[in-house]
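Single-letter residue listing:
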Amino acid sequence: MVSLSRQQAHALGMRAEDIAAQFMRLKGYSVLERRYKTPHGEIDLILQKKRSLVFAEVKAYQCQEQALHAVTFRARRRIEEAARHFIAHHEDVADYDMRFDVLIVPPALCERGDNIMHNLLGAFGVVHLDNAWLAGQ
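My aim in this report is to walk through the structure given alongside it, one point at a time. The shown structure was predicted, so the numbers you read here are calculated from the model rather than taken from an experiment.

1. Focus on helix α1 (residues 6–26)
Note: α-helices contain 3.6 residues per turn, so residues at a spacing of three or four share the same orientation. Over its 21 residues, α1 runs 30 Å from end to end, which matches the ideal 30 Å to within 8%, given 1.5 Å per residue. Every buried residue of α1 is accounted for by Leu-12, Arg-15, Ala-16, Glu-17, Ile-19, Ala-20, Ala-21, Phe-23 and Met-24. Gly-28 sits one or two residues past α1 and shows a positive phi near 95 degrees.

Encoded structure:
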């Protein structure tokens with residue numbers, strides 16, 4: 001695998017998040033927050049569909065196994081703490097069902113320029129793993 005500079009990796013991550021957010025909108029989700037930052041950590045996407053709240057980690061990887069390996073135990077704990085922070089500050093969703101998902105965006109989808117609709121034609125290469133982990137595990 002080719003090593004990316006920090007700036008290139010950041011740009012790839014941002015592009016992957018754009019594609020993942022559009023993909024989830026097509027699936028009927030509303031995007032409540034992007035890059036939600038707390039003292040505990042960051043959540044790439046916070047989504048809602050009906051009374052379900054989804055805290056999603058986005059990974060730009062070709063291989064599903066590598067993407068899941070990149071969501072380490074420590075990263076999951078930080079995301080869970082950030083999710084608790086979000087819920088504590090948004091009482092209107094405190095009684096919603098919640099889950100932790102991973103969205104895997106193949107890097108090739110991120111390299112097609114700024115035309116998101118063009119990318120969405122191939123967005124079914126995006127892998128959506130719902131309930132990727134349970135809190136505390």
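2. Considerations on the packing of aromatic side chains
Tallying each qualifying case throughout the model produces 4 aromatic pairs. With 5.2 Å between their ring centres and 85 degrees between their planes, Tyr-36 and Phe-86 make a pair best called edge-to-face. On the criterion of sequence distance, the pair formed by Tyr-36 in strand β1 (residues 30–37) and Phe-86 in helix α3 (residues 73–88) is long-range, its members being 50 residues apart. One aromatic cluster is present, formed by Tyr-36, Phe-55, Phe-86, Phe-100 and Trp-133 through successive ring pairs. The residue whose ring lies beneath Arg-77 is Phe-73, and the NZ or CZ to ring-centre distance is 4.3 Å.

3. Some words on the pattern of salt bridges
Scanning the entire structure with this criterion turns up 8 salt bridges. Taking the shortest distance from any N to any O, the salt bridge between Arg-51 and Asp-95 comes out at 2.7 Å. Of this pair, Arg-51 sits in the loop between β2 (42–49) and β3 (52–59) while Asp-95 is found in the loop between α3 and β4 (97–104), placing the two residues 44 residues apart along the sequence. Residue classification places Asp-95 among the exposed positions, given a relative accessible area of 55%.

4. Observations concerning the environment of Arg-15
Examined against the element boundaries, Arg-15 turns out to sit in helix α1. Along the chain, Arg-15 and Val-105 lie 90 residues apart, while their C-alpha atoms are 9.3 Å from each other.

5. Describing the side chain of Gln-48
If you trace the backbone, Gln-48 turns up in strand β2. Of note is the side chain of Gln-48, whose polar atom sits 3.0 Å from the backbone oxygen of Lys-50.

6. Digging into the pairing of β3
The element β3 is largely enclosed, with a buried count of 7 among its 8 residues. Both β2 and β3 contribute to a ladder of 5 bridges, which runs antiparallel. By the bridge assignment, Lys-49 is partnered in β3 with Ser-52. Between β2 and β3, which pair antiparallel and follow one another directly, the connecting turn spans 2 residues, one of which, Lys-50, has a positive phi of 55 degrees. In the sheet, β3 pairs with β4 via 8 bridges, with the strands oriented parallel. Paired with Glu-57 across the two strands is Val-102, which belongs to β4.

What counts and what doesn't
- Residues numbered from 1 in each chain as written.
- Predicted model: local features only at pLDDT ≥ 70, side-chain atom pairs only at ≥ 80, totals over all residues.
- Heavy atoms only, no water.
- Helix = DSSP H or I, 4+ residues; strand = E, 2+ residues; numbered from the N terminus.
- Expected span 1.5 Å × (residues − 1).
- Buried < 20%, exposed > 50% of the residue type's maximum accessible area, 1.4 Å probe, protein only.
- Phe/Tyr/Trp six-rings, centres within 6.5 Å; stacked < 30°, edge-to-face > 60°.
- Lys NZ or Arg CZ within 6 Å of the ring centre and 35° of its normal.
- Salt bridge = Lys/Arg side-chain N within 4 Å of Asp/Glu carboxyl O.
- Polar contact = N/O pair within 3.5 Å; in protein donor to acceptor, adjacent residues only side chain to side chain.
- Pairing = 2+ DSSP bridges.

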